[in-house]
Amino acid sequence: MPRIAVPAGISTKVFILDDDALPQIPALLAEMWPGKSAWIVADGNTWRVAGERVQKILKEAGVPCCEPCILPAVPKPHPDYTLACQLAEKMPADAVPLAVGSGVINDLVKTAADIRKTTYCCIPTAPSVDGYTSKGSAMSVGGSKKTVPCPAPAAVVADKTVLLTAPPEMAAAGYGDLAAKIVAGADWIIADALKQDPVRPEIWDIVQKDLRTWLADPTDLKAVFMGLAATGYAMQLHNDSRPASGAEHLFSHVWEMEHLEHNGEEVSHGFKVSVGSVISLRLMQFFLETSPEEARRLAAPPISVEERQREIAELLKRGCYGEDPARLSMEKFQAGDAAFARREAIYAVWGDLQKKVARQLGDQEAFVGSLKAAGCPTTPEEIGLDRAQFIHGIYTAQLIRKRYNILELLYDAGLLKTAVEKMF
Ligand SMILES: [Zn+2]
């Protein structure tokens with residue numbers, strides 16, 4: 001069985017990635033869930049591309065199968081917590097759930113399995129996100145997007161023939177989410193240099209060591225899926241998404257909370273992250289092209305607590321960003337002497353940090369070129385953002401989390417506005 005080694009200490013115990021992996025499921029179930037029957041959860045599409053075949057393979061191997069749960073394909077299933085609870089209720093006792101689908105089906109089953117305190121097996125149908133192998137699920141709870149804590153799948157069986165049936169835009173989205181690890185890595189380097197969030201080499205390596213190899217050919221879905229899976233393991237081990245996500249994900253979260261649509265369709269996570277990655281790259285390029293002397297000269301004077309509160313209220317006035325940003329952004333805000341001290345700390349590492357960030361980014365225009373070649377959007381217009389919403393998203397992304405990144409560096413240095421203006 002071509003199993004791919006999984007790091008020790010995570011919930012995922014088995015990872016199979018093969019050209020024809022589905023026939024290996026009966027042996028896997030006998031080994032990991034002996035005596036249990038199988039319960040497939042899919043939607044109309046994923047049942048057609050893989051679920052039906054899995055059921056047939058299981059029956060032929062003599063594995064008892066419960067009546068599968070096939071959600072409607074249209075409208076697409078939503079990652080809604082109520083739906084996950086309904087699945088948990090439907091889940092037959094003493095059966096192992098098999099999530100056959102893309103990110104949403106996986107997140108629904110991940111949540112439902114945790115509610116029933118059982119483990120599950122993930123059978124991805126598209127290399128579209130890094131969330132298959134991460135813990136936690138992105139759920140809409142009472143109308144607002146939350147990460148619901150729940151363990152990652154105990155086993156993942158990725159079949160290349162199945163992955164190849166995914167719509168090209170889903171494969172492109174996965175490539176975008178994986179390519180984002182280049183700028184996300186640069187953000188972690190920035191946080192490390194400013195003593196905000198030290199890089200853990202053993203976790204860094206899981207994502208970054210082979211990243212360029214996985215990204216070399218966007219049509220190599222096995223390589224892209226390997227990368228996405230490894231990223232999920234790193235997040236499991238780190239107990240947080242830092243190894244996989246920097247400012248580019250924060251832009252994406254802002255647009256998600258704004259329910260960004262393009263041509264009447266919700267923009268995929270990977271596509272938002274792809275455009276977010278290009279913004280991160282442009283901001284990092286501003287940092288790389290600015291000397292510490294210029295940085296001092298261009299720095300805007302620090303503002304007062306009251307001025308900052310007014311700015312934040314204006315940025316958040318749409319009211320769709322939840323309760324946290326107003327509080328979090330003031331907690332990290334520094335005025336007066338503290339703001340000047342932070343600037344000195346930034347200037348002290350500036351030159352050295354420029355070298356490290358440049359090394360991590362590698363050939364910067366090739367990065368944008370590879371996103372384009374993979375079919376990912378790289379400009380705001382391609383995902384339906386007008387200029388005002390685009391610029392607003394950049395400033396708002398800096399408010400929503402405490403995760404030090406290029407936005408924080410430029411904000412603290414009094415340069416964020418200049419850097420954004422330079423983008424146009
Ligand atoms: Zn992502």
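Since the structure is predicted, the reported quantities are computational estimates derived from the model, not experimental observations.

## With respect to the coordination of the zinc ion
Within the first shell, the zinc ion binds the protein through Asp 177 (OD), Asp 177 (OD), His 249 (NE2) and His 269 (NE2), at distances of 2.1 to 2.8 Å. Around the zinc ion, the 4 donor atoms are arranged such that angles at the metal cover 51 to 143°; this shape is classified as irregular. Between consecutive donors of the zinc ion, the numbers of intervening residues give the motif D-x71-H-x19-H. A residue pair is termed long-range when its members are at least 10 positions apart, and His 249 in helix H10 (residues 247–257) and His 269 in helix H11 (residues 269–289) qualify at 20 residues. By relative accessible area, which is 5% here, His 249 ends up buried. Accessibility expressed as a relative area gives 23% for His 269, which makes it partly exposed.

## Some words on the pairing of strand S7 (residues 144–148)
If a strand is regular, its side chains alternate between the two faces of the sheet. Bridge analysis of strand S6 (residues 137–141) against S7 gives 5 bridges, and the strand direction is antiparallel. Each bridged residue has a counterpart across the sheet, and for Ala 138 the counterpart in S7 is Thr 147. Here S6 folds back onto S7 in antiparallel fashion, the turn holding 2 residues, of which Gly 142 has a positive phi close to 55°.

## Regarding the nonpolar core
Membership of the largest hydrophobic core comes to 80 residues, with the highest contact counts inside it found for Trp 255, Leu 283, Val 357, Leu 409 and Leu 410. The element best represented in this core is helix H6 (residues 168–193), accounting for 13 residues. Among all residues touching Val 357, those that are not within four sequence positions of it are Ala 186, Ile 189, Ile 190, Met 284, Phe 287 and Leu 288. One finds Val 41, Leu 87, Met 91 and Met 139 within the second-largest nonpolar core, a separate group that totals 35 residues.

## Topic: H6
With 26 residues, H6 should cover 38 Å at 1.5 Å per step; its first-to-last C-alpha distance of 38 Å lies within 8% of that length. Maximum bend of H6: about 30°, positioned at Ile 182. A large share of H6 lies buried, amounting to 22 of its 26 residues. Positive phi appears at Lys 195, one or two residues downstream of H6, with a value of about 60°.

## Structural notes on the side chain of Asp 412
Relative to the helices and strands, Asp 412 is located in helix H18 (residues 406–412). Beyond its immediate chain neighbours, meaning those up to four positions away, Asp 412 contacts Arg 342, Arg 343, Ile 346 and Tyr 404.

## A few points about the packing of aromatic side chains
Here the structure, examined in full by the defined rule, presents 8 aromatic pairs. Ring geometry for Phe 15 versus Tyr 233: centroids 6.2 Å apart, planes at 75°, classification edge-to-face. Residue Phe 15 is found in strand S1 (residues 14–18), and its partner Tyr 233 is found in helix H9 (residues 221–238); the two are separated by 218 residues along the sequence. Using a relative accessible area of 1% as the deciding quantity, one classes Phe 15 as buried. Accessibility expressed as a relative area gives 4% for Tyr 233, which makes it buried. Summarising the aromatic geometry, the rings of Phe 251 and Trp 255 are spaced 6.3 Å apart at their centres and angled 25° between planes, so their arrangement reads as stacked.

The rules behind the values
Residues numbered from 1 in each chain as written. Predicted model: local features only at pLDDT ≥ 70, side-chain atom pairs only at ≥ 80, totals over all residues. Heavy atoms only, no water. Donors = N, O, S within 2.8 Å, 3.2 Å for Na, K, Ca; no water. Tetrahedral: all angles 85-135°; square planar, octahedral: opposite > 155°, others 65-115°. Helix = DSSP H or I, 4+ residues; strand = E, 2+ residues; numbered from the N terminus. Buried < 20%, exposed > 50% of the residue type's maximum accessible area, 1.4 Å probe, protein only. Pairing = 2+ DSSP bridges. Core = buried A, V, L, I, M, F, W, Y, C linked by side-chain atoms within 4.5 Å. Contact = heavy atoms within 4.5 Å. Expected span 1.5 Å × (residues − 1). Bend = angle between axes of the 7 residues up to and from the residue. Phe/Tyr/Trp six-rings, centres within 6.5 Å; stacked < 30°, edge-to-face > 60°.

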